[in-house]
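Each chain is listed here by its residues.
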Amino acid sequence: MEPVTDLFARYEVGPVWDEMFLESGAARQVASDLHATLRSLSSQDLEDRCAERDRSFRDRGVTFSLAGEERPFPLDPVPRLVSAQEWSVIERGVAQRVRALEAFLADIYGRGQVFADRVVPRRVVATARHFHRAAAGIAPANGVRIHVAGIDLVRDEKGEFRVLEDNVRIPSGVSYVMENRRTMGRIFPELFASHRVRPVADYPAQLLSALEAASPRGRSGAPRVVVLTPGVHNSAYFEHTFLARQMGVELVEGRDLVCRDNVLFMLTTAGEERVDVVYRRVDDDFLDPVQFRSNSILGCAGLVNAARAGNVTIANAVGNGVADDKLVYTYVPALIEYYLGEQPVLPNVATYRLEEPDTLAEVLERIDQLVLKPVDGSGGYGLVIGPHATDEELVTLAAAVKASPRSWIAQEVVGLSTVPTKVGGNLEPRHVDLRPFAVNDGRTVWVVPGGLTRVALPKGSLVVNSSQGGGSKDTWVLADPQSEAPEPATSAPEPILSHSSHPFDAGPQVGPGASNGQEQQQQQARTC
Amino acid sequence: MSWRVGTTHRSHYRYGTRALSSYNELRMTPKASERQRVLESELLLEPAAAVFTYRDYWGTVVQSFDVQVPHEALEVVARSVVETSAPAPLPEDGPDWSALRDEDVADRFAELLVPTAYAPFNPNLAGLARGAAEGATPAEAVRRIGELVRSHLRYEAGTTAVTTSALQAWAQGSGVCQDFAHLTVALLRQVGIPARYTSGYLHPKKAAVVGERVSAASHAWVEAWLGRWWPLDPTNGDPVGERHVTVAHGRDYSDVAPFIGIYQGGALLELEVEVVLERLA
C-alpha cells in the first residue's frame, strides 16, 4: 500500500551519480531495503525521529562549533550505504595511500631518496609551508608517523571513488562517526535489523592499541598514553574528551606536562608520571615553544627534542603536514608506484600544477570552470569553486594565483554523488563526500568500516565541510552477504565509560607578573 | 697557510626574579669543512645540566639542555679550537648563468633561492641586484653585490635588532653584520644565485699575534653557490679565510641562531655576551 505522503515526491536525480537511484528511477540494489523502509514513512514519522535524534545529541552534549557558536552536530536521519564490494576498494585504497605517505615522510625527513630518484622535485617539499625542518632526523619508535589518517574521498559521475585530499596531520571527525551511529541506533532500530551494518565502535580500542604500539618502551612496558588538547575553546574539544574517555586515558593540556632531560612527565595530584605517547590535537606550530612559536602556551617546551631523543612518541608526528600539501597530493599516485610498486587503487581527482606557465595560462583562461584550492589549507578554507563564484571573486582569485602559483592547485569540478537527504518535510538529493579514518599500528593499516559522510545542505552546493556549515550522515558499510560469520551486534553499542578524564588539578600556574621569555643574541660582529 | 684559533663564547643571562625553568638550544659548535678542522669543542653550563646533542636539518651540531632548578642567572660558555685556512680559489671559468639556471641546480637549492622573513624580495632590491649583475659572470656578480651592500649599509651597532629584516636595514641604511648578510642573500637570490646565511666568528686582526686574546663578537657572512660554495664577507669586504670560524649555514638567522631559549620566570634583566678569540698557532 502506498503511503499517504511520499517522502521522495520531490526527489529529482541530477546528472551526477545518485547513490540510491538508478537513472531509470529504480532503487539501486544496495539501497533497495532502505528505500522501501523510507517509502513506508510519512513526513511526520521522519520528524518524530529527528526530534528523537536532537534529544539524543543534546543529552550527550554532542556539539560542533561553527563561527564561534556551539550547535548540535547536524546529522541527517537517512544513512548512507556502502556495499561490501565498494568498501573493499576504499579500504585497500586508503590503506595503500597511508603506507605510501608513511614511506614518503620517512624519506623526506631522512635521506631524501625520492629527490635523488627524481620522483618529486625537492622544490615541492622544501617550499611546502608545513615541511618542518625541526622534524628532520626524528625516528619514531615503531616507524609510524601517521597514527591516524583521514583520507577525503568523493564519488564521481561514474560512481568511482576518488581521493580529494589527504589529512595526516590532525584529522578530526571520528567522534561523530561513533556518535552518529549511536543516535541512528536509537532512531532507526528497524533498519539495523534489516541491514548487516559493520560496527564502528572498535575505533577507540584500535587507536589505543596503535598508540601503545608506538611507545618507545614497547607495548609490553605498560605505556602511558595521553590526549593533548588545546583546551575547551578548540572546535574539536568534544572529540578530544570523547576519545580520551573512550580510550580510558588522561586528557591533558600543555600546562599539565613538563619535559625534563628529554623525558616527558604528566603532573598529577599524586606526583609526576612518565608519559610515553602523546596523542596530540595541538598543531605543530603550537606544540613546542622551543622549536616553533615561542609564545605558545598550548604545547610543552622540550617536547620535540624528547621525541628526538627517543623518549616519547608524538602522534601524529611533527611535520606530517607536508604530505597534506595539495601540490604534494598531485604526486601521490607516483609515490604509490615508487614506494610500494603498486598501482593506485583510488585515483586522484584531475589536478593541475600551476608552476608550469602553460598550465597556469590554461587554468586562468577557464578559471570559472575549475576549483581552485590553497595548497596548505584544510577544512575548505580559501577554496573557490569557479562555476559558483562571482566575477569579482574570480578576478581577485586570478590575481592571487598569478602572484603565487605555488600556493594553489586547480581541479576539475567533480560532480559529487548525491544521497537522499531530509530537506523540510521531503527527501532531496544532496552532494556528499566521505572521510574514512585509518589507524596505523606499524603492522597493519586498519580502516574503520564507515567514516564521516559530509553533506552539502544547500541545493546544488558542493561544499561539505562541517566548518563551512555542512551536515553529516551515518555511513553504513554493509557486511559481505557471502560471509557467514557476522560481526558482533551492530545496534550502536554503549560506549565504555571510563574513569574521569581529567582527575587532577591544573598544573603549576605561571605566577602573576611572570612571563615566558625568549632569549636570542643578535649577530653583530664588525670588522677592524 | 692555516691558523689555529681558540674561540670562547660566553653568554650570561641574569633574570629579575628567579627563572623556574629554561629550555635552550645552542648552535655554537664549529663545522668541519674543507677549509676548517675542528680539534676541540666543549660546553660549560651553570647551573649544570645534561646536554643532548644532535645534528639538525642543515648539518649543524645542536646542543640542547634544560634547567629545572630555580636560577637567578644562566651562564653558557662554548669553547672550541679549530684549524682554519682560506678556501681554494675559484677556477677562472666558474659557472655561467645557464649553469646556475639549470633545472637540477634550481631544484637542489630551491630553499636557498626563495625569500624569507629576514631576507624578503622586493622590486627595488631586485632592480639593484640585476643592475649589479648585468654583464658580469656569476662570480663577478657575487663580488659586485657584496660591494653594493657595503656601499648602501653603514655599519652601526644599535640601529637594528635581532628581528630586523634586510628590507628594514636597507631602508635605514645601516645595520650590523646580520643585516649585511641578510641583505646580501636576498640580493643574490633575486638574481638566481643560491645563497646561504653563515654564522660563526671572525678574528678581528689580520696580523694576529699568537697567544693574544682578542675581544670579538659572533659574526655572520654569506656563501654563494658558484659550482661550489664560495664565501664572502659583505660587512667588511675582506676575503673569507683563516680569520673566519664557520659554525652554521641556513636560509637566514632563524636557522642558525646561536642561542635560542625559553624560560619561565621573571623578566630578563641583563644579557652579557662575550666572544674571545685567540690565535693559537
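Each residue is numbered by its place in its chain's sequence as written, counting from 1. Each chain takes a letter, starting from A, and each ligand takes a number, starting from 1, following the order in which they are written. Where local features are concerned, this predicted model is filtered to residues with pLDDT of at least 70; where side-chain atom pairs are given and counted, the filter is 80 or more; whole-chain, interface and lining totals use all residues. Working from all heavy atoms in the structure, the side-chain values ignore hydrogens and water.

This next bit is on the side chain of T421 of chain A. Residue and element names in this part refer to chain A. Segments assigned H or I by DSSP are reported as helices when at least four residues long, segments assigned E as strands when at least two residues long, and all are numbered from the N terminus. Summarising the element assignment, T421 is placed in strand β17 (residues 418-423). Per-residue accessibility, obtained with a 1.4 Å probe over protein chains only, is compared with the maximum for each type, and a residue is labelled buried under 20%, exposed over 50%, and partly exposed between these values. Given a relative accessible area of 0%, T421 falls into the buried group. Any N or O atom pair separated by 3.5 Å or less is treated as a polar contact, with the protein-specific requirement of one donor-capable and one acceptor-capable atom, and with residues adjacent in sequence counted only for side-chain atom pairs. Here V419 takes part through its backbone oxygen, which lies 2.9 Å from a polar atom of the side chain of T421. If we skip the residues at most four places from it in the chain, T421 touches D76, N426, L427, E428, R430, V455, L457 and K473. Contacts were defined at the residue level, with two residues in contact if any of their heavy atoms lie within 4.5 Å.

Pairs can form between side chains of opposite charge whenever their charged atoms are close. All names here are of chain A. Throughout this description, the term salt bridge denotes a Lys or Arg side-chain nitrogen within 4 Å of a carboxyl oxygen of Asp or Glu. As enumerated under the stated definition, the model contains 57 salt bridges over all chains in all. When the shortest N-O distance is used, the salt bridge between R10 and E428 registers 3.6 Å. Pair noted here: R10 is in the segment before α1 (32-39) and E428 is in strand β18 (residues 426-435), with a separation of 418 residues, a long-range link. For E428, a relative accessible area of 8% gives the class buried. For E272, the salt bridge goes to R260, with nearest N and O atoms at 2.8 Å. Residue E272 is found in strand β10 (residues 271-274), and its partner R260 is found in strand β8 (residues 257-260); the two are separated by twelve residues along the sequence. By relative accessible area, which is 40% here, E272 ends up partly exposed. Judged by relative accessible area, R260 falls into the partly exposed class, the value being 27%. A single network of salt bridges, built from pairs that share partners, joins E19, R80, E86 and R155.

With that settled, consider the nonpolar core. Residues and elements named next belong to chain A. If you look at the biggest cluster of nonpolar residues, it comprises 156 residues, and the most contacted ones within it are I108, V120, L153, L264, L303 and V322. A total of ten residues in this core trace back to one element, the largest contributor, which is helix α3 (residues 84-108). Setting aside anything within four residues of it in sequence, one finds L153 in contact with I90, V94, F161, R162, V163, L164, L346, D433, L434 and P436. In this text, buried Ala, Val, Leu, Ile, Met, Phe, Trp, Tyr and Cys residues form a nonpolar core when linked through side-chain atoms within 4.5 Å.

With that settled, consider α1 of chain A. All names here are of chain A. Of all the residues in α1, the buried ones are L34, H35, T37 and L38. For α1, the arc enclosing every buried residue in end-on projection is 165 degrees, short of the 170-degree limit, so these residues lie on one face. Looking at the buried side of α1, the elements it contacts are β3 (80-82), α7 (189-194) and β18. What the arc describes is the spread of directions from the helix axis to the C-beta atoms.

The next subject is the domain arrangement of chain B. All names here are of chain B. What fixes the domain bounds is an automatic or database domain assignment. According to the domain assignment, chain B contains domain 1 (2-85 + 257-279) and domain 2 (97-256). Between the C-alpha centres of domain 1 and domain 2 the distance comes to 24 Å. Tallying the contact residues gives 26 residues for domain 1 and 35 residues for domain 2. The junction of domain 1 with domain 2 conceals about 2,600 Å² of combined surface from both sides, 58% of it contributed by carbon and sulfur atoms. Each of two parts loses accessible area, computed with a 1.4 Å probe, when they are put together; buried area is these two losses added.

A few words now on the confidence of the model for chain A. Taken over all residues, the pLDDT of chain A has a mean of 89, while the share at 70 or more is 88%. The predictor attaches a confidence to each residue, and that confidence, scored 0 to 100, is pLDDT. Contacts of residues 489-516 of chain A to residues separated by more than four positions or lying in other chains number 55 contacts, the stretch itself having pLDDT below 50.

A few words on the sheet that holds strand β9 (residues 263-268) of chain A. Residues and elements named next belong to chain A. Following DSSP output, two strands are said to pair if at least two bridges run between them. Read across the open sheet, the three strands follow the order β8-β9-β10; overall the sheet is antiparallel. Every interior strand has two partners, whereas the edge strands, β8 and β10, have only one. Ignoring strand direction, the axes of neighbouring strands in this sheet form an average angle of 40 degrees. Relative to β10, β9 runs antiparallel, the two being bridged by four bridges. Looking across to β10, one finds that M266 is bridged to E273. Angles run from 0 to 180 degrees between N-to-C directions of axes, and those axes are lines fitted to C-alpha atoms, restricted for helices to the stretch in contact.

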